[in-house]
Structure formats: structure tokens, C-alpha cells
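A look at the structure
Here are the chains, one letter per residue:
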Amino acid sequence: MTDKPANAMWGGRFAMSPAEIMQEINASIGFDKALAPQDIRGSKAHAEMLAEAGIITKSDAREIAKGLDKIKAEIDAGTFTFSRALEDVHMNVESRLKDIIGAAAGRLHTARSRNDQVATDFRLFVRDAIDGIDVALAAVQQALAEKAEAHAATVMPGFTHLQPAQPVTFGHHLLAYVEMIGRDRGRFADARKRLNESPLGSAALAGTSFPIDREKTAEALGFDRPMANSLDGVSDRDFAMETLAAATITAVHFSRLAEEIVIWMTPQFGFVKLSDRFTTGSSIMPQKRNPDAAELARAKVGRIASAFQGLVIVMKGLPLAYSKDMQEDKETTFDALSSLRLVMAAMAGMISDLEPNADAMRAAAGRGYSTATDLADWLVRELKMPFRDAHHVTGSIVKAAETKGIDLEQLSLEEMQKVEPRITKAVFSVLSVENSVKSRTSYGGTAPQNVAKMARQWLRRLEKARQKG
């Protein structure tokens, strides 16, 4: 059998091409071609710096920049052919650059390795993804806050253990997710801040003997500074792990809301409706309206959390510096961040689309003796009863109502006075669900005036951020 010629990109060390299965396991172009825009940005910044440092001629740098611009235009137009034989995005771009400008293309790789090149590209990609995620999260917050303001006084049951606990408002419930997403955005912002250092110039692992200007390339690519250690620059992927951790927590928040939408849409609850835009039917049951968008959003957390765990497992045993294992860092990260973007878009659409059934929510809020805590608080406030005693008295009154099969507010004053003679008819002022939610005026409470105020504050904050950014 005649050996194929060696891969030209590897130089003269190898006399034979790799085995077919080696090519199959080694190639990453099927997924890392997503890094092409970042790869071209990094290469242009590197070439410009090399020219200013006198390492290559300015004429070569201009030719390189023109060639890279042409390649980007081909990629944008969908006419660029990515070759699996060239392994990865870096070699594909460099090979095409040589086709366009000739020998000058070979000077681009001066003082650079694929190790620092891919680390730079990946950081740029994740940073770009974070910026897009932040915009999408703000859109979900906007949809939630608008719906919350519109339903600041719409009463619904608040649950613990999925059992009726105390009445809240629908607006208050939605604002809980606004707060969660606010923290999600903070986690992504923190991850972005920490990743915003440039590995470019770390070369293979030890830096380079060429007089490069790493500050210049860092600035050109929007990084705050160069990374201070070349080994660290090429070998760590904590920035991707941190971003995936933030994505996982965010996906969990969306999954919880999606689960609630699924529950609320059941006939047993009947709290909300979604239009045809976010539901599907059944091929056999014509009556069905399935909340498939919510179900799929709920499921995506599996892919996103798996990507985080997968990268942790890839990285956990790697000695410094670069190992080929780290090729496994990108495909699942791309998939996870893409999945999160899809979830965010779906959730923003569903939130805007869903309409609450106020009557069903109000009726459910009154069931399960949900104002029992209001009764206990009244006993403490009006009769100066220790709370533990008030809790016991309230429990006895609830039992009396339960025995009769009636709601707490339907129990007569005489029945209550059999348990605690000092109770007066004023107690009925706290037993309706409307009065219950109105009374929760503490900061962060569910009182409609609180909810409306907080929703407006969030809407102003989001609008101010939009105008600023």
C-alpha cells in the first residue's frame, strides 16, 4: 500500500498521513467552524501587531488583512468550503488565505500557536454569546415585568409543597422570576469580566522569543489585558465552565417556570391559557392543547447541565498545558448556549402570550384554608397572644371548618368563639384572600401596591439599561 503524503500543515516531521480513523477522531471542523468570525478577528489583530512590531512587513500585513476579509465575506455568503482534511477552522482559514495571497499567508502564524489561537477564539466566542444572552434575558424580564404590572392585584394561591399556603398575586409570582433572572444576568456578567483577558501571545505554552506587543492585541480584541501566564493562557477553560454553570442555573430557573406553566394549563388548575402560537394538538385526540413549548423549555436544562458536567469531566485530570482532550470543550458548549438562546426566546414569547384565568386563580386561592396565617397574625395583633398559642388556636379553628366542609371565612363567629372566646367579628376582615394580600405590605411582600411599584421599577431599570447600552 502506498502511503499518502503527509499533512502539509504539520511540516516535515511526519512522513505519512494519519490513519483514516485518526483523521476521523482528530477532525473538529464539523463544529469549530462556528469560531470562524472570531478566528478571523484574532488573526487580523495579530497580523497588525506583527507589522507594527517589525516582525513582518506592513505590506504583508495589508495583504493578510485583505485576504481575511475576503474569507469572511465567503463564509458570510455561504460559499466557503470547509475541508475535513484540514482538521479545524484555523487550518481551513490559513489554507484559503494561502490560495488568495500566496506565501505571505505563511507569515501570519509567526509568534503564534494553534494553542493560543483557539483559546483566544473560544474566549471571544463565549464573550459574544454572553453579550447576546444578556440581551435575551433582559427581554424575558421585560415580558415578565409587563405582565406583572398588568396583574399586580390578580389573586392566586401561593404554594409550598405544591399545597395551597397563602394567597399571593399573579404579578408577585412573576416578579420572583424577574429577580432570579436578574441574578442570572449578574452571574453571566461576572463570568464575562473574568474571561476578558487575552491568551493571544502565549504561543504553544511558553510564550515567544519574538518582540510581540500583547497589550496591543488584547486592546484590539476588546480584552481588558493579556493573561499573565502563558501556561494558564493556553490550558484553562474555567471561563467556559463558569459560563456553562451560569447557563445551567439560568436554565433551571426557566425550567421551574415552564413546569408551572404546564401545571397551570391543566384542566385541574386552569390558571392560564396559551394561544395556538405556543401550543400543539394531538394526532388522535382532537380536544388536546399541549404546552409543548413549555415542555421543551423544561427539557433543555438536561442538555445545558450535561454540557457543564461534561466539560468539568474533560478538564478534571489534565496536566498543564494543552492536551487534545480540550477539543471536547467546544461542541457541547456551542450546543448548550444555543439551547439556552432558544429557551429564552420561547419563554419570552410564552410569557407575553399567556393569559391568566383570574376567576380560577381567585377560587383556588380561597381553598385549602390559605388565610389561616392571617387569622393567627390577627390573634397575635389584636389579642396579644403569643404566636405559638395563636398557631394552636388557629389550627383548632381550621379543623372545625374542615369538619363542616366549609371555608374558613364561612365559619360562624360562634364556632370560632368555642375555641377562643375573645375573638370578635373584626376577625372576618382578615379572612378574605383580597384582604390577605393587601395586608402583606412589608418590603418584598405581595400587596398589590408593592407589586405594581416593583414592576414599574423593573421596567424603568430595563428601559434605562436599553438606552444606555
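Residues numbered from 1 in each chain as written. Predicted model: local features only at pLDDT ≥ 70, side-chain atom pairs only at ≥ 80, totals over all residues. Heavy atoms only, no water.

For the protein, the helix and strand inventory stands at 18 helices and six strands. Here the protein has a C-alpha radius of gyration of 31 Å; the compact-globule value for 469 residues is 23 Å, and the former is much larger. If you line up the protein on its principal axes, its C-alpha atoms span 100 × 55 × 40 Å. Within the protein, the proportion of its 469 residues that are buried is 48%. For the protein, contacts bridging at least 24 residues in sequence account for 74% of all contacts bridging at least 6. (Helix = DSSP H or I, 4+ residues; strand = E, 2+ residues; numbered from the N terminus. Rg over C-alpha atoms; globule rule 2.2 N^0.38 Å. Buried < 20%, exposed > 50% of the residue type's maximum accessible area, 1.4 Å probe, protein only. Contact = heavy atoms within 4.5 Å.)

Once that is clear, we can look at the nonpolar core. Counting residues in hydrophobic clusters, the biggest one holds 99 residues, and the most contacted among them are L144, F254 and M347. If near-sequence neighbours (up to four positions away) are discounted, F254 is found in contact with L137, V140, I181, L340, V343, M344 and M347. (Core = buried A, V, L, I, M, F, W, Y, C linked by side-chain atoms within 4.5 Å.)

Turning to the packing of helix α14 (residues 372–383) against helix α15 (residues 387–404), a few remarks are in order. Two elements in contact, α14 and α15, have axes whose closest approach is 8 Å; the angle formed by their N-to-C orientations is 135°. By the angle class used here, α14 and α15 are oblique. Crossing of α14 over α15 shows right-handed handedness. Between α14, through A372, L375, A376, D377, L379 and V380, and α15, the contact on the second element is made entirely by F387, A390, V393, T394, I397 and V398. Classifying every residue of the contact of α14 with α15 gives 10 nonpolar, one polar and one charged. (Axes fitted to C-alpha atoms, helices over the stretch in contact; angles between N-to-C directions. Parallel < 35°, antiparallel > 145°, perpendicular 65-115°, else oblique. Left-handed = near helix turned anticlockwise from the far one by under 90°. Nonpolar A, V, L, I, M, F, W, Y, C, P; charged D, E, K, R; others polar.)

A few words now on the pattern of salt bridges. A side chain with one charge can pair with a side chain of the opposite charge if their charged atoms come near. Scanning the model with the defined rule gives 29 salt bridges in all. The residue K404 makes a salt bridge to E415 at a minimum N-O spacing of 3.8 Å. Note that K404 is positioned in helix α15 and E415 in helix α16 (residues 413–419), a separation of 11 residues in sequence. We classify K404 as partly exposed; its relative accessible area is 47%. (Salt bridge = Lys/Arg side-chain N within 4 Å of Asp/Glu carboxyl O.)

With the rule as written, the count across this model stands at seven aromatic pairs. Pairing F170 with W264 gives two aromatic rings, centres 5.8 Å apart and planes at 65°, and the pair type is edge-to-face. With F170 in helix α7 (residues 170–195) and W264 in helix α10 (residues 238–265), this residue pair connects regions lying 94 residues apart in the sequence. Residue F170 is classed as buried on the basis of its relative accessible area of 0%. Centroid distance F269 to F271: 5.2 Å. Interplanar angle 80°. Geometry classified as edge-to-face. Classification of F271 as buried rests on a relative accessible area of 2%. One aromatic cluster is present, formed by F122, F125, F239 and F334 through successive ring pairs. Across the ring face of F223, the terminal group of R127 is positioned such that the distance to the ring centre comes to 5.0 Å. A cation over a ring is seen here: K330 above F122, with NZ or CZ 5.5 Å from the ring centre. (Phe/Tyr/Trp six-rings, centres within 6.5 Å; stacked < 30°, edge-to-face > 60°. Lys NZ or Arg CZ within 6 Å of the ring centre and 35° of its normal.)

This part takes up the side chain of D353. Examined against the element boundaries, D353 turns out to sit in helix α12 (residues 331–353). The buried category is assigned to D353, whose relative accessible area is 14%. Among the polar contacts made by the side chain of D353, one reaches the side chain of S275 at a distance of 2.7 Å. Leave out the neighbours within four places in its chain, and D353 touches K273, L274, S275, R277 and F278. (Polar contact = N/O pair within 3.5 Å; in protein donor to acceptor, adjacent residues only side chain to side chain.)

Moving on, we come to the pairing of strand β2 (residues 163–169). By the bridge criterion, six bridges tie strand β1 (residues 155–160) to β2 in an arrangement that is antiparallel. The residue of β2 that forms the bridge with T160 is Q163. Between β1 and β2, which pair antiparallel in sequence order, lie two residues; one of them, H161, sits at a positive phi of approximately 55°. (Pairing = 2+ DSSP bridges.)

Side chains that are three or four residues apart share a direction in an α-helix, a result of its 3.6 residues per turn. Over its 24 residues, helix α11 (residues 292–315) runs 35 Å from end to end, which matches the ideal 34 Å to within 8%, given 1.5 Å per residue. When we look at burial in α11, the residues that qualify are A293, A294, A297, K300, V301, I304, A307, L311 and M315. (Expected span 1.5 Å × (residues − 1).)

Moving on: the side chain of T154. Relative to the helices and strands, T154 resides in the loop between α6 (114–150) and β1. Within the structure, the side chain of T154 is placed 3.0 Å from the side chain of H151, a separation counted as a polar contact. Leave out the neighbours within four places in its chain, and T154 touches V168, T169, F170, A358 and M361.

Read these as layout, nothing more, since geometry by itself doesn't imply function.
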